[in-house]
Amino acid sequence: MSSWVLPGAQFEELLRSFRHRAWRWECQGTYRQPAEAEPWRRWRAGEPDDLAWLRPWLDQVAAATRAGRLFARVRVFQEPPTEYQLWQLDVGPANVAAGEDVRVLPESRARALGLPTHDFWLFDEARVALMHFEDQRFAGTEIIAGQGEVDRYRSWWETAREHAVPLLAYRHDLLGRRR
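The residue numbers shown here count from 1 along each chain, following its written sequence. Given that this is a predicted model, residues contribute local features only at a pLDDT of at least 70 and side-chain atom pairs are listed and counted only at 80 or more, while totals for whole chains, interfaces and linings are drawn from all residues. As a convention, hydrogens and water are excluded, and side-chain values are obtained from all of the structure's heavy atoms.

Participant: Account for the packing of helix α3 (residues 55-66) against helix α4 (residues 83-98), naming residues and giving values.
Facilitator: Each pair of packed helices gets described by two things: the angle between the helix axes and the distance between those axes. Think of each axis as a best-fit line through the C-alpha atoms, taken over the contacting stretch in the case of a helix, with angles from 0 to 180 degrees between the N-to-C directions. Each helix corresponds to a stretch of at least 4 residues labelled H or I by DSSP, and each strand to a stretch of at least 2 residues labelled E; elements are numbered beginning at the N terminus. The contact between α3 and α4 brings their axes to 8 Å, and the two run at 25°. One finds that α3 runs roughly parallel with respect to α4. Residues W57, L58, V61, A62 and T65 of α3 form the contact with α4, whose participating residues are A94, N95 and A98. The classification used treats Ala, Val, Leu, Ile, Met, Phe, Trp, Tyr, Cys and Pro as nonpolar, Asp, Glu, Lys and Arg as charged, and all other residues, Gly among them, as polar. Looking at the contact of α3 with α4 residue by residue, the classes come out as 6 nonpolar, 2 polar and no charged. Throughout this description, any angle smaller than 35 degrees is read as roughly parallel, any larger than 145 degrees as roughly antiparallel, any in the 65 to 115 degree range as roughly perpendicular, and the remainder as oblique. In this analysis, two residues are considered to be in contact whenever any of their non-hydrogen atoms come within 4.5 Å of each other.

This is the structure:
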């Protein structure tokens, strides 16, 4: 049995209410979230970014980290990375500095490992939030709490975590190859 959670307050509550770990599998090459439109435009224009638009997330991650809770994610990067993913390489160090464990897994490796091609969150290894998108915009999540399904997602998490590279190491290697 599953239930549907809409973006906004309902989804924000999922991100606040986990007890130990919230882990995201992120596998789209581009996301079109309204809050990111202007910062991404500025990045593409070579304009500076003070990351004020990201501050609420960074503050939430930092507070969770101080409380002993973990935010983590693995981003599947296309080869070569999309323009959006290159932007995330510039923005992502702020997430890491706030305490989020951000890792990258090349798309070919994710496919070889049999990892899913849809985004989700795994909360406390007890609930899965399957993320649904419309035109690359977050439309809501389907919550799954059946143990068999959750175990399958937990297994994917373990595989992804084992094979993914920390964001800063991936960034360093990619930038080194591009020079």
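Participant: Describe in detail the environment of F77, supporting the description with residues and values.
Facilitator: Following the sequence through the fold, F77 ends up in strand β3 (residues 70-77). On the basis of relative accessibility, which here comes to 1%, the residue F77 falls in the buried class. Distance from F77 to E36, taken between C-alpha atoms, is 18 Å for residues 41 residues apart in sequence. Those residues in contact with F77 that lie beyond four places of it in its chain are Q85, L89, V104, L105, P106, E107 and Y170. Only protein chains enter the area calculation, which uses a 1.4 Å probe; residues under 20% of their type maximum are buried, those over 50% are exposed, and those in between are partly exposed.

Participant: Can you lay out the packing of helix α2 (residues 34-44) against α4 for me, pointing to particular residues and giving the numbers?
Facilitator: At a minimum axis separation of 11 Å, α2 and α4 run at an interaxial angle of 90°. By the angle class used here, α2 and α4 are roughly perpendicular. Residue-level inspection shows E36, P39, W40, W43 and R44 of α2 in contact with α4, the latter providing E83, Y84, L86, W87, Q88 and D90. In the contact of α2 with α4, the residues fall into 6 nonpolar, 1 polar and 4 charged.

Participant: So what's going on with the pairing of strand β2 (residues 21-26)? Residues and values would help.
Facilitator: Judged by how many residues are buried, β2 sits mostly within the fold: 5 of 6 residues are covered. When β2 meets β3, the two strands line up parallel, connected through 6 bridges. Counterpart to A22 in the pairing with β3 is F71. Here, strands pair whenever DSSP counts at least two bridges between them.

Participant: I'd like to hear about the nonpolar core, residue by residue, with values.
Facilitator: Counting residues in hydrophobic clusters, the biggest one holds 25 residues, and the most contacted among them are F11, L15, W57, F71, W121 and F123. Mapped by element, the contributors of at least two residues to this core are α1 (9-17), α3, α4, β5 (120-123), β6 (127-134) and β7 (137-144). At 5 residues, the largest contribution of residues to this core is made by α4. Excluding anything up to four places from it in sequence, L15 contacts W57, Q60, R69, F71, W121 and F123. Throughout, nonpolar core names a set of buried Ala, Val, Leu, Ile, Met, Phe, Trp, Tyr and Cys residues whose side chains join them through atoms within 4.5 Å. Counting 20 residues, the second-largest nonpolar core is a separate cluster that includes A72, L122, I144 and Y153.

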